[in-house]
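# Notes for the structure review
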Amino acid sequence: MIPMTLDWKVVVDSADPHAQAGFWSAALGYEIEDSSPLVERLLGLGAVPEAITTTAHGRRAWLDLAAVRHPDDPHEEESGTGLGRRLLFQRVPEPKTVKNRLHLDLHAGPDRRDAEVARLEGLGATVVRKVAEPGGTWTVLTDPEGNEFCVQ
């Protein structure tokens, strides 16, 4: 029997999920998910306390969660949750201390790589090193919280 495929998202631990969502939204051209209708509805029903919410990106949001999604992918209207390519940032108390075990590779292509790296630096990324090997050329960067990613 062939197993059914599964939907998935990449979850990133962070100190400030809303700042990370802002960075990655700009970096990827993704949309910051709008969970404000769900948050407002649950607050109105008294189902969640005000203390677990905040205002971020000009709207009501969960304090400890923020996500970005591809603008062409479907999403749930009621919750704003993306149903396709998606990054979810969750607040954790401990800081990042070691190298990522998983990272994103952004594919800009050789003609756009340097311009893309400069654009990402303008958004708050930091260049770690440039790599030129027989198998390819890329730049390793970190996002504002120190998570590694590459631009190829």
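Bear in mind that the values here come from a model prediction, so they are computed numbers and not experimental data. (Residues numbered from 1 in each chain as written. Predicted model: local features only at pLDDT ≥ 70, side-chain atom pairs only at ≥ 80, totals over all residues. Heavy atoms only, no water.)

## What to know about the overall build of the chain
Across its full length, the chain holds three helices and ten strands. Order of helices (α) and strands (β) in the chain, N terminus to C terminus: β-α-β-α-β-β-β-β-β-α-β-β-β. In terms of its C-alpha atoms, the chain occupies a principal-axis envelope of roughly 60 × 45 × 25 Å. Put simply, the chain has 152 residues, and 38% of those count as buried. For the chain, the computed accessible surface area is about 9300 Å², with 56% contributed by carbon and sulfur atoms. (Helix = DSSP H or I, 4+ residues; strand = E, 2+ residues; numbered from the N terminus. Buried < 20%, exposed > 50% of the residue type's maximum accessible area, 1.4 Å probe, protein only. Areas by Shrake-Rupley, 256 points an atom, 1.4 Å probe, with all protein chains shown as cover.)

## With respect to the sheet that holds strand S6 (residues 86-91)
Sheet architecture is open: four strands sit in the order S1-S6-S5-S2, paired in mixed fashion. With one partner strand each, in any of the chains shown, strand S1 (10-14) and strand S2 (31-32) form the two edges of the open sheet. The sheet contact formed by S1 and S6 spans five bridges and is parallel. Within the sheet, the bridge partner assigned to Asp13 lies in S6 and is Gln90. (Pairing = 2+ DSSP bridges.)

## Quick word on the packing of helix H1 (residues 17-28) against helix H3 (residues 113-123)
Where H1 contacts H3, the axes come no closer than 10 Å and their chain directions differ by 160°. When the axes of H1 and H3 are compared, the pair comes out roughly antiparallel. Note on packing geometry: the crossing formed by H1 with H3 is right-handed. In contact with Phe23, Ala26 and Ala27 of H1, H3 contributes Glu116, Arg119, Leu120 and Leu123. (Axes fitted to C-alpha atoms, helices over the stretch in contact; angles between N-to-C directions. Parallel < 35°, antiparallel > 145°, perpendicular 65-115°, else oblique. Left-handed = near helix turned anticlockwise from the far one by under 90°. Contact = heavy atoms within 4.5 Å.)

## A look at the nonpolar core
In this structure, Trp24, Val68, Phe89, Leu120, Leu141, Phe149 and Val151 are the most contacted members of the largest nonpolar core, which totals 19 residues. Residue assignment for this core shows that the elements contributing at least two residues are S1, H1, strand S5 (65-69), S6, H3 and strand S10 (148-151). When near neighbours in sequence (up to four residues on either side) are disregarded, Phe149 contacts Phe23, Trp24, His103, Leu104, Leu106, Leu120, Ala125, Thr139, Val140, Leu141, Thr142 and Asp143. Counting residues in hydrophobic clusters, the runner-up holds six residues, among them Leu38, Val39, Leu43 and Trp62. (Core = buried A, V, L, I, M, F, W, Y, C linked by side-chain atoms within 4.5 Å.)

## Focus on the side chain of Glu116
As for its position among the elements, Glu116 is in helix H3. Under the relative-accessibility criterion, Glu116 is labelled buried at 12%. A distance of 2.5 Å separates the side chain of Glu116 from the side chain of Arg119, its partner in a polar contact. Residue contacts for Glu116: discarding those within four places in its chain leaves Ala27, Ala108 and Val151. (Polar contact = N/O pair within 3.5 Å; in protein donor to acceptor, adjacent residues only side chain to side chain.)

## Describing the pattern of salt bridges
Enumeration over the complete set of coordinates arrives at eleven salt bridges. Across the salt bridge formed by Arg59 and Asp34, the nearest N and O atoms sit 3.5 Å from each other. Highlighted residues: Arg59 in strand S4 (residues 59-62) and Asp34 in the loop between S2 and helix H2 (36-44), separated in sequence by 25 residues. Overall, the relative accessible area of 30% leaves Asp34 in the partly exposed class. For Glu116, the salt bridge is made with Arg119, and the minimal N-O distance between the two is 2.5 Å. With Glu116 and Arg119 both in helix H3 and three residues apart, the pair spans about one turn of that helix. A relative accessible area of 33% means that Arg119 is categorised as partly exposed. One salt-bridge network, in which partners are shared between bridges, spans Glu40, Glu50 and Arg60. (Salt bridge = Lys/Arg side-chain N within 4 Å of Asp/Glu carboxyl O.)

Everything listed here is a matter of coordinates, which is why it stays silent on function.
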